6 protein chains.
Amino acid sequence: VPTEHRLHSGYAHPLTRSWQEGNVDIDPKKLMLPVFVTDVEDAIEDIDSLPDVKRYGVATLPGVLKDLMSKGLKSVLLFGVLNRIPKDESGSGADGEGSPVVAAIRVLRDKLPDLLVACDVCLCAYTSTGHCGLLNSDGQHDNAASVKRMAAQALVYARAGAHIVAPSSMSDGIVGAIKKELVSAKLDGRVAVLSYAVKFASSCFYGPFRSAAQSAPKGVTISREGYQLPVGSRGLAHRAAARDVEEGADMLMVKPGMAYLDIVRETKDRFPNHPLFIYQVSGEYSMLFHGAENGAFDLEDAVMETFKCMRRAGADVIISYFTPLVLELLNNH
Amino acid sequence: VPTEHRLHSGYAHPLTRSWQEGNVDIDPKKLMLPVFVTDVEDAIEDIDSLPDVKRYGVATLPGVLKDLMSKGLKSVLLFGVLNRIPKDESGSGADGEGSPVVAAIRVLRDKLPDLLVACDVCLCAYTSTGHCGLLNSDGQHDNAASVKRMAAQALVYARAGAHIVAPSSMSDGIVGAIKKELVSAKLDGRVAVLSYAVKFASSCFYGPFRSAAQSAPKGVTISREGYQLPVGSRGLAHRAAARDVEEGADMLMVKPGMAYLDIVRETKDRFPNHPLFIYQVSGEYSMLFHGAENGAFDLEDAVMETFKCMRRAGADVIISYFTPLVLELLNNH
Amino acid sequence: VPTEHRLHSGYAHPLTRSWQEGNVDIDPKKLMLPVFVTDVEDAIEDIDSLPDVKRYGVATLPGVLKDLMSKGLKSVLLFGVLNRIPKDESGSGADGEGSPVVAAIRVLRDKLPDLLVACDVCLCAYTSTGHCGLLNSDGQHDNAASVKRMAAQALVYARAGAHIVAPSSMSDGIVGAIKKELVSAKLDGRVAVLSYAVKFASSCFYGPFRSAAQSAPKGVTISREGYQLPVGSRGLAHRAAARDVEEGADMLMVKPGMAYLDIVRETKDRFPNHPLFIYQVSGEYSMLFHGAENGAFDLEDAVMETFKCMRRAGADVIISYFTPLVLELLNNH
Amino acid sequence: VPTEHRLHSGYAHPLTRSWQEGNVDIDPKKLMLPVFVTDVEDAIEDIDSLPDVKRYGVATLPGVLKDLMSKGLKSVLLFGVLNRIPKDESGSGADGEGSPVVAAIRVLRDKLPDLLVACDVCLCAYTSTGHCGLLNSDGQHDNAASVKRMAAQALVYARAGAHIVAPSSMSDGIVGAIKKELVSAKLDGRVAVLSYAVKFASSCFYGPFRSAAQSAPKGVTISREGYQLPVGSRGLAHRAAARDVEEGADMLMVKPGMAYLDIVRETKDRFPNHPLFIYQVSGEYSMLFHGAENGAFDLEDAVMETFKCMRRAGADVIISYFTPLVLELLNNH
Amino acid sequence: VPTEHRLHSGYAHPLTRSWQEGNVDIDPKKLMLPVFVTDVEDAIEDIDSLPDVKRYGVATLPGVLKDLMSKGLKSVLLFGVLNRIPKDESGSGADGEGSPVVAAIRVLRDKLPDLLVACDVCLCAYTSTGHCGLLNSDGQHDNAASVKRMAAQALVYARAGAHIVAPSSMSDGIVGAIKKELVSAKLDGRVAVLSYAVKFASSCFYGPFRSAAQSAPKGVTISREGYQLPVGSRGLAHRAAARDVEEGADMLMVKPGMAYLDIVRETKDRFPNHPLFIYQVSGEYSMLFHGAENGAFDLEDAVMETFKCMRRAGADVIISYFTPLVLELLNNH
Amino acid sequence: VPTEHRLHSGYAHPLTRSWQEGNVDIDPKKLMLPVFVTDVEDAIEDIDSLPDVKRYGVATLPGVLKDLMSKGLKSVLLFGVLNRIPKDESGSGADGEGSPVVAAIRVLRDKLPDLLVACDVCLCAYTSTGHCGLLNSDGQHDNAASVKRMAAQALVYARAGAHIVAPSSMSDGIVGAIKKELVSAKLDGRVAVLSYAVKFASSCFYGPFRSAAQSAPKGVTISREGYQLPVGSRGLAHRAAARDVEEGADMLMVKPGMAYLDIVRETKDRFPNHPLFIYQVSGEYSMLFHGAENGAFDLEDAVMETFKCMRRAGADVIISYFTPLVLELLNNH
Ligand SMILES: [Zn+2]
Ligand SMILES: [Zn+2]
Ligand SMILES: [Zn+2]
Ligand SMILES: [Zn+2]
Ligand SMILES: [Zn+2]
Ligand SMILES: [Zn+2]
């Protein structure tokens, strides 16, 4: 056996093992918590499909986040949920009068000035069609109109004080369109664009989220497969990331997480100069939660292993519903 | 929006979507079934930790596999389980008198000549210590002795008729040692070595298997972390694969699967000329099973998506307990 | 201005700035403390050339390190200093009767079992010539004899319980020679070799160390430039690292640190699979210390910036006399 | 030991050592002297924070530089300092009536026609806010207005006879804006743009300069971290250099020097076709100066080693306060 | 015209032009003088084919070289010429009794200790056949015997004090054979091997040398094309350099120079870690000399341009008969 | 000696040697003849500086070329020389009334329809200043005006029937400007642009040409170093070629030839999809001619070796005054 083939010596001790694990450390700066904000101010609602995750109103949210900030929380990603405001064709609940996200941005920037506030930019939770954009008269996705509409939505969030706007609709050209709005408003130096650049049309891992955000598509004629990427496609993933980089995205995202780590690695290798986010989505959360509940493994072990794996694959920041659990673990460590 | 930035056009139709998904087809030739064989000839035992998976004896196994072959099954990976034969320091139950694996090889080659038979080569299911090798007098892993012992074990399986021997112990130099034995026995042209080259010390995903194979380590002083790779280590993964390629491995494996797809991609990119196997391990099986049981998603959708993801990441062959389910789906498709 | 040329948006906030700083976190596992051990058991000696650094005897060392371990210290690198034992031609004080390093290994393994103990392997602190090896009868460096002598020294340290042996002499072939000794002694799976693979003949940054370790060369005819690398040589740096990787080094080192970060980056890029150490040497320590003393900058700021820079350049572990200060800062952070 | 592993033979002699040091030679053409010019014509002022460095007026400067030119000095980089002219919001002292830099360009081009004159282009030494640009009414950096203002400043310097204008503000788009001004004025074939493309927000190494240039920011609400790069960020460094190359920069700079040599190497490797400058900044100067003063090393050795290291890392031209010392050494060599 | 397409600005001034010329400086350390030494001690002989070049004996050589050393000369490459000693089949004049090279090494090491002495290792100037090696009984090149013979010759030179031995015969395996001799003699750490790794069978540029060294092949049946490389072959050039690197060459050479600069560049790119020599051969010398004599150009301009071109192509050291002229120019510069 | 290190076997025979020489064949299609055309119709003038080369008038030229075509000549590159027409500031002799080049294009297209006619596009042979362009009122190069002027010149040649226009002035943006003119004139599909993309400011190799073309600069204030590239600059060479490729050049040229083969190789490697021309310039012609005249080598051998070297370096077409000699050799071969 050539000496170079003897590997045990390099990882025989817990400390040497840690040295072999390049850059997989987890700290609160590398975690972002997805938050559901409803238009019912004092709401605290359970979400059946996501055990231990809740929806909050703008009155209840600051207290909950303040608590988490005391454990290290640094950033949130806001998703709006409409309970009272009616959905309509243009998704005006996204950024119009009474928009829960706009209200939440203002209250968080005011009450928790140290918290970084990112906002999902899409229409699916606000349109009567449940579609991630506007439709033509023939019921087809109207990309130009959708992009214009959502660039305006992003600008409203930016003006309200969002640090980051995160377009998730996979519309062609959305990043560049938002950037131009920000430049016109002289906000381009202050507000970042985090692109959901590589978002796959997972057939199963988004289910729990859709009921949490009440954004499941209503019609049967339209599927999200026309804009979210085919599960098996590396090519479109690479083209989408390249496009968003060229259009000026400040950060990139791959979504879902665990079963897409190869794409995370390839995206990081191709665009090493852009911070890379990964979204551990609702179906992953559920699967780990129920696996542990049923004795397959210990939940904390499993969550920490998947977080380490996501970091190993090249993710710089992890968006996860497990953020409160991990903050707890980091504090007790 | 530059025309090159408009991507929707390329995947608007189900067929164009399929074209975007390079090489992600699943067919029976790309599937391998892990099988637990006990030394109780007529056994059919449930495994608590792995719902719907069973242990068989050499009398019951051929019938079950014949059935699956009618649905397309092409290959199996055998793991021995000792119920009657006592475990000892040298793991003689692995390949000695009454070895369930040796018996199974013989009966399968005889009764199911069209089935490819691969055998896991390790001692952990047979040693009284539950260790994947032999120990020195001071209780430390003795790599040289372990390699010698397991090369002999592999040769017994090869002589019994195994098409593939698959060393899983992560011993330094094991691939080269087995190859030398095969050459000496003039079996090198007939028997392939599938190396578990990149096997991580997962803290949670191996649990159900260990009770299935009754191979959990007994002592507390020895951990498998001294030979299985640290979860976060890309470097050792690359060195281990390179080493085994240099020592003559015919095929490589990455294990576990889902949370390690970045490593699958990197291994495939570095060693494109070697068929790459991926092992969807017991913890993954459980997690998907229980996620579906609890309503997070549809099991068939989830299994097919993860299979497609593993293929997208570069795996050529998938070793999975879901093989029967997938064969069923392929037949109904 | 193309949107892609607008960079401010990506680092306008302290948290987004941290995301742009890929993998530069400092934690105690990434720090190693160099320690001078004398053959005077109860010594606590100031070192004029290295303010705030001391030499300890084996009786005083454990207490000091235990204290630092309570603040997070995980590993040390031992250098022996002879005050009583006479130096001789073969450097027998390195590993013979009364060797301070051997004594220190034993006491540290016994009293501080959680501490990883690494040992510098060289003769310069023990030979009457102050040379890093043995000389021929004509006064020239005898590489073959030196390698044999230091491989034996390494084995003594390994047998005494060192987790890591770290040859620093830049002798041709020393890594392979040590590895062979460890294999023969069946210690190859437990003891790692950290090679000072890329050690430059700095004309100024080693001065304070040499008086700390009392290892300045005595003669005028022999210079270390015959084995330490020329300051401006990238080529030899790359060849030396490649050589040591081929000979089985488990980890690599670049030395000195700050003014050699380009070599750190190139070494990491060429050998990404090996943990990379950087030694922030005595002259760097002094320069930062005196710069701060004279008001050029704040010491803590300067140390943390240089540590971040070393991490950015690709170092996995930093060996530094500032380790106690940094542990303090990490605890108060 | 394979013969290829024997490296000593290649650097056993001083001349062979020099051959191993590829392209690290230092000559006067590769040195640029930073010069502080005040608006007090006959000034010769000491700078407390930078021992041995002085500020000069336009009457005293030519004589001093003529002397250095007799020792080989080829180029200077001018920084203006206002003692009499009041600072204002638009930094009109930079290029308006009585601007010390404009006056210096004219006198130097007239009296020392063989001297290449480069000018720092920024506003921080001239604005009442101490900010590197103009502010919006809400006190935020106004990038568009800043770029326009500084492009005009650069044109004034170019028209006065500067050979090189060197924008240091890290404003997005400044290089392209200056180039366009030069093209309009038909000066694009004669005046080069040296971009401070990769300028890090060092927390400690800029201190002495700021008091030398009297340019420390006045307010507390604005930090330079919004435009200077995060210390640990490779990604932004690469993006900034790429941007400036695309916008037409003739030469690039990395700043600070010593602790950023990895970035120097990466920048040279990515943009090998552009001459690369490195700025050994004031904090580095101080640290080497005080290290030597306190006996850690010999100043001349240390300076020459750091210069060689900067050249090894890929720098083509070194901007340093040690230029007079090095010219002296080269003359005596 | 895009600003990036405007290049004039970057080289409008003599100093900016010099910055664009990366690393093409010429200094005495980068020059090596080829020297012809005859076995007539007090000889000073003109060479018809090489105007201004002479052959010296060991009595006259030191004075001439001392003079050149006062102008900067650092190294010589010795070629022996036999006037008195008869040539024989084994080329015993190369290293036997009265060998002019051995005598010259000794006298130069004694009288000019600061001069680096390199020696050409070949037999063509000493064999009665004029062949670069030994012949089989059938008159064919005997590679094995030749290698053995010339490895012995190299060892004689090394023992006499040569710093560098330079095998020029293009024998297969000669570098490794010489290295092994040096290791056996414990001279491997002191004596370097400079391989004429890439030596082409130029049909015209070697003519003047052969009459200078009196080494033109005598027979008609043997051509040097059997071992020197075909003029148009890049492939063999790359293989030869790779081979010699693997066999442990410390430095490499390409020969001839001017018309082979593409090979110089490719060799440097492939083996950047080895100092690269280029031999400006006799035909190039003559061509430049006579071109200038006939008014085509100024000799000094032409020589300096070709030297700069050789450096630009990647040569680290230039071996040239123009060395005295260039030293003169550098002194007057 | 490893078998892979034995190279002689691959080139022991003349035929195997030829196989080792990739793509170095010379045939008439790969040769282009530079031709000097004067405005004296029946001229046949000797050129002192270029023995055996002559200037012709439009009446004498066709006969001479017809002769060469019978030996294989396929293409010429025309340079105009003014004997009668006065030079002026705008170089109107280039393309105005009586232009020798325009006249030659017409007569050659008429009388020798199978000959490809390329024309040098520059003003230096026609301006009273001898400058390659127009000057500003302050005597500086006016790039914008020069580009406009020479694009018009190219269009005149194109309209007269030139197959190729070859801009040689190294003006920034000239290729793109000519392309635009050709497009406007709907000639872009018929007329190719061969860019002198990489033309170095050789200090010596252009001398004989300048007296042949009577184009030596007249003034002393302007040097061609402001637009021709610095001899040692790889960076500008690469940027210039890239620029011209982006601006639409159909073919590229490197000039001069022999001492710039490294640049030929790098240009071919970077732009493999564009035919690459090399210009063996007048100084090279002279040097080879006089070298041979003085007995250093045989002229035919030397010319053929340099041609082979240029082809080996990557040149597709060779422009040389030796074209008639080589055609002769090819016919006799
Ligand atoms: Zn949506
Ligand atoms: Zn096992
Ligand atoms: Zn030492
Ligand atoms: Zn500034
Ligand atoms: Zn020879
Ligand atoms: Zn011209």
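Here, the structure is the one placed above.
Here is a short report on the structure shown in this document.

How each quantity is defined
Residues numbered from 1 in each chain as written. Chains lettered and ligands numbered in written order. Predicted model: local features only at pLDDT ≥ 70, side-chain atom pairs only at ≥ 80, totals over all residues. Heavy atoms only, no water. Helix = DSSP H or I, 4+ residues; strand = E, 2+ residues; numbered from the N terminus. Rg over C-alpha atoms; globule rule 2.2 N^0.38 Å. Contact = heavy atoms within 4.5 Å. Areas by Shrake-Rupley, 256 points an atom, 1.4 Å probe, with all protein chains shown as cover. Lys, Arg positive; Asp, Glu negative; His and termini not counted. Charge placed at Lys NZ, Arg CZ, Asp CG, Glu CD. Buried < 20%, exposed > 50% of the residue type's maximum accessible area, 1.4 Å probe, protein only. Pairing = 2+ DSSP bridges. Right-handed = clockwise from strand over helix to strand, strands pointing away. Least-squares fit on C-alpha atoms with pLDDT ≥ 70 in both. Donors = N, O, S within 2.8 Å, 3.2 Å for Na, K, Ca; no water. Buried area = accessible area lost by both parts, 1.4 Å probe. Salt bridge = Lys/Arg side-chain N within 4 Å of Asp/Glu carboxyl O. Disulfide = S-S within 2.5 Å. Polar contact = N/O pair within 3.5 Å; in protein donor to acceptor, adjacent residues only side chain to side chain. Axes fitted to C-alpha atoms, helices over the stretch in contact; angles between N-to-C directions. Parallel < 35°, antiparallel > 145°, perpendicular 65-115°, else oblique. Expected span 1.5 Å × (residues − 1).

What follows covers the overall build of chain A. Summing up its helical and strand segments, chain A has eleven helices and ten strands in all. In terms of overall size, chain A behaves like a compact globule, its C-alpha atoms giving a radius of gyration of 20 Å where 333 residues would be expected to give roughly 20 Å. C-alpha atoms of chain A, sized along the principal axes, occupy 70 × 40 × 40 Å. Within chain A, contacts between residues separated by at least 24 positions form 75% of all contacts whose residues are at least 6 apart in sequence. Accessible area of chain A: about 10,400 Å², with a carbon and sulfur share of 48%. Computing the positive centroid from 35 side-chain charges and the negative centroid from 40, chain A places the two 4 Å apart.

Residues and elements named next belong to chain E. Of all eight residues making up strand β7 (residues 192-199), eight are buried, and the element is well covered by its neighbours. Here strand β6 (residues 164-167) runs beside β7; their pairing, made up of two bridges, is parallel. What sits directly across from V165, in β7, is V193. Remark: the β6/helix α5 (residues 174-184)/β7 crossover connection has right-handed handedness. Note: β7 against strand β8 (residues 251-255), four bridges, orientation parallel. Residue pairing across strands places S195 opposite L252, the latter belonging to β8.

The next point concerns the relation of the copies chain F and chain D. Placing chain F over chain D gives an RMSD of 0.1 Å and needs a rotation angle of 89°, together with 0.1 Å of translation along the axis. Such a combination of turn and shift is consistent with a four-fold rotation axis.

Moving on to the coordination of the zinc ion (ligand 3). Residues and elements named next belong to chain C. For the zinc ion (ligand 3), the protein coordination sphere consists of C122 (SG), C124 (SG) and C132 (SG), at 2.3 Å. Going along the chain, you hit the donors of the zinc ion (ligand 3) in the pattern C-x1-C-x7-C. Linking C122 in the loop between β5 (116-121) and α4 (143-160) with C132 in the loop between β5 and α4, this pair joins segments that are ten residues apart in sequence. Accessibility classification places C122 together with C132 in one group, the buried group.

You can overlay chain A on chain B at an RMSD of 0.1 Å; the transform is a turn of 180° with a shift of 0.0 Å along its axis. The operation mapping one copy onto its partner corresponds to a two-fold rotation axis. No C-alpha of chain A approaches the rotation axis more nearly than that of A:D262, which lies at 1.9 Å. Of all interface residues in chain A, 100% are interface residues in chain B too; the two copies therefore contact each other through one and the same surface.

Moving on: the interface of chain F and chain D. The partner chain D presents six residues to the ten residues of chain F that form the contact. Across the interface of chain F and chain D, roughly 620 Å² is buried in total on both sides, 36% from carbon and sulfur atoms. Area buried by chain F at its contact with chain D is led by F:Q140, F:G235 and F:R239, which between them contribute 54% of it. Our enumeration of links across chain F and chain D arrives at two salt bridges.

So, on to the state of the cysteines. Counted by the stated rule, this structure contains zero disulfides over all chains. Looking at the unpaired D:C119, the closest cysteine sulfur is the one in D:C122, lying at 13 Å.

Now for the coordination of the zinc ion (ligand 6). Note on metal sites: the ideal angle is 109.5 degrees for four tetrahedral donors, and 90 or 180 degrees for six octahedral donors. Within the first shell, the zinc ion (ligand 6) binds the protein through F:C122 (SG), F:C124 (SG) and F:C132 (SG), at distances of 2.3 Å. Going along the chain, you hit the donors of the zinc ion (ligand 6) in the pattern C-x1-C-x7-C.

The subject of this paragraph is helix α5 (residues 174-184) of chain F. Among all positions in α5(F), only F:I174, F:V175, F:G176, F:I178, F:K179 and F:L182 are buried. Here the buried face of α5(F) lies against α4 (143-160), β6 (164-167), β7 (192-199) and α7 (234-246) of chain F.

Attention now moves to the pattern of salt bridges. All chains considered together, the criterion is met by 108 salt bridges over all chains. Here E:E266 and F:R265 are joined by a salt bridge, their closest N and O atoms 3.8 Å apart. On the criterion of chain membership, the pair formed by E:E266 in helix α8 (residues 261-270) and F:R265 in helix α8 (residues 261-270) is interchain, its members lying in two chains. In terms of burial, E:E266 and F:R265 fall into one category: buried. A salt bridge links E:K268 to E:D316, with the shortest nitrogen-to-oxygen separation between them at 2.7 Å. Of the two residues, E:K268 sits in helix α8 while E:D316 sits in the loop between α10 (299-312) and β10 (317-320), which places them 48 residues apart along the sequence. Comparing E:K268 with E:D316 shows no difference in burial state: the two are buried. Salt bridges sharing partners connect three or more residues here, namely A:D25, A:D27, A:K30 and A:R311.

Once that is clear, we can look at the interface of chain A and chain B. On the side of chain B, 65 residues touch chain A, which itself brings 64 residues to the contact. Surface buried jointly by chain A and chain B totals about 5,800 Å² across both partners, of which 59% is contributed by carbon and sulfur atoms. On the surface where chain A and chain B come into contact, there are four salt bridges. Where chain A packs against chain B, one counts 36 residue pairs in polar contact (both at pLDDT 80 or more). Mapped by element, the contributors of at least two residues to the side of chain A that touches chain B are α1 (14-20), α7 (234-246), α8 (261-270), α9 (282-293) and α10 (299-312) of chain A.

This part covers the environment of F:R149. Residue and element names in this part refer to chain F. Mapped onto the elements, R149 comes out in helix α4. Separated by 58 residues in sequence, R149 and G91 place their C-alpha atoms 9.1 Å apart. At 2.8 Å, the side chain of R149 forms a polar contact with the backbone oxygen of S90.

Next up on the list: the packing of helix α9 (residues 282-293) of chain E against helix α9 (residues 282-293) of chain F. Where α9(E) meets α9(F), the axes come as close as 8 Å, and the angle between the chain directions of the two elements is 100°. Classified by the angle between their axes, α9(E) and α9(F) sit roughly perpendicular to one another. Taken together, the residues of α9(F) that come into contact with α9(E) (itself represented by E:M287, E:L288, E:H290 and E:G291) are F:M287, F:L288, F:H290 and F:G291.

Bringing the side chain of C:D120 into the picture now. Residue and element names in this part refer to chain C. Mapped onto the elements of the fold, D120 is located in strand β5. One buried charged side chain, D120, makes no salt bridge at all; its nearest oppositely charged neighbour is K199, positioned 6.0 Å away. A polar contact is formed between the side chain of D120 and the side chain of S168, at a distance of 3.0 Å. A polar atom in the side chain of D120 sits 2.8 Å from the side chain of Y196.

This paragraph deals with the arrangement of the chains. Left apart from each other, chain A and chain E have a closest C-alpha approach of 18 Å. Spatially, chain A and chain F are disjoint, and the shortest separation between their C-alpha atoms is 19 Å.

This part is about helix α9 (residues 282-293) of chain B. All names here are of chain B. Here α9 is twelve residues long and its end C-alpha atoms lie 16 Å apart, about the 16 Å a rise of 1.5 Å per residue gives. Of all the residues in α9, the buried ones are S282, G283, E284, Y285, S286, M287, L288, F289, H290, G291 and A292. Once α9 finishes, G295 follows within two positions and takes phi at roughly 85°, a positive value.

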